[in-house]
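Here's the letter readout for the chains.
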Amino acid sequence: MRIGIYGGSFSPPHLGHVRLAEEFLRVSELDRLIIVPAGNPPHKMIDGGADAKMRLEMCRAAFSELSDRVEISDFEAFRTDPCYTVDTLRHFSGEVELFMLCGSDMFLTLDRWREPAEIFSLCTVVCGARVDDPVVRSELISAEKAYSKRFGAKCIIMDIDPVEVSSTGLRRDLGMGIKPEGLCDGVFDIIEKYGLYGYKRNVDEN
């Protein structure tokens, strides 16, 4: 069975995340895709004040119509100790073939993550690369060759037409009371219901 792992803060999950997941499913021919919202990432803070429970709920809404092959995991979400990528891969490993999705910035630093040799031994790393950025693509190819030589890594560079949306920009707009593009209706409904990211509905909205 081919299992994909897609982790991240998802604060909030947006249409760019969904697009990446769609391509990940297709390119890697996955039998199942597991979305893993972070709980207590060792190297960053979760921005925006949405707790793990809310981010799990938003992820269920964001990815609900994508495929019956997608599930949302709370493996990392409620851990109080830092959870590293290698821990998550160990958890989901077994009699399966694992694939892990990551962005370009993450891919270029994988050799500096905790236990990179084991990360590469546990999974095929799939990197989402913008088709309109040849400079970054060249860097990714160089990194792929280095990982293959040093770790025997299996990597796939996946070309994507990016959806121009960022979690930072969404949080900024929401904090100003603006309903931004880039969110599915289900995610926005949750944000509005709980007032996440400082969102308060503009009384002048029609």
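Now for a look at the structure at hand.

A look at the pattern of salt bridges
The final tally for this structure, using the stated rule, is 12 salt bridges. One salt bridge connects E118 with R90, and the closest N-O pair in it is separated by 2.7 Å. Placement of the pair is E118 in helix 5 (residues 116–122) and R90 in helix 3 (residues 85–92), with a sequence separation of 28 residues. Between D159 and R137 there is a salt bridge, and its shortest N-O distance comes to 2.5 Å. On the criterion of sequence distance, the pair formed by D159 in strand 6 (residues 155–160) and R137 in helix 6 (residues 134–151) is long-range, its members being 22 residues apart. A relative accessible area of 28% means that R137 is categorised as partly exposed. One salt-bridge network, held together by shared partners, links D87, R90, E115 and E118.

Brief notes about the sheet that holds strand 6
One open sheet holds the six strands; their spatial order is 3-2-1-4-5-6, and the pairing between them is parallel. Every interior strand has two partners, whereas the edge strands, strand 3 (70–72) and strand 6, have only one. Along the sheet, successive strands turn relative to each other by an average axial angle of 25°, direction set aside. Pairing of strand 1 (residues 2–8) with strand 2 (residues 32–37), which is carried by six bridges, proceeds in the parallel orientation. Bridge assignment links G8 to a residue of strand 2, and that residue is P37. Against the sheet, helix 1 (residues 15–27) makes contact with strand 1, strand 2, strand 3, strand 4 (97–103), strand 5 (123–130) and strand 6, and its axis sits at roughly 125° relative to strand 6, the strand it touches most. Its contacts with the sheet put helix 6 on strand 5 and strand 6, and the angle it makes with strand 6 is roughly 165°.

Basis of the calculations
Residues numbered from 1 in each chain as written. Predicted model: local features only at pLDDT ≥ 70, side-chain atom pairs only at ≥ 80, totals over all residues. Heavy atoms only, no water. Salt bridge = Lys/Arg side-chain N within 4 Å of Asp/Glu carboxyl O. Helix = DSSP H or I, 4+ residues; strand = E, 2+ residues; numbered from the N terminus. Buried < 20%, exposed > 50% of the residue type's maximum accessible area, 1.4 Å probe, protein only. Pairing = 2+ DSSP bridges. Axes fitted to C-alpha atoms, helices over the stretch in contact; angles between N-to-C directions. Contact = heavy atoms within 4.5 Å.

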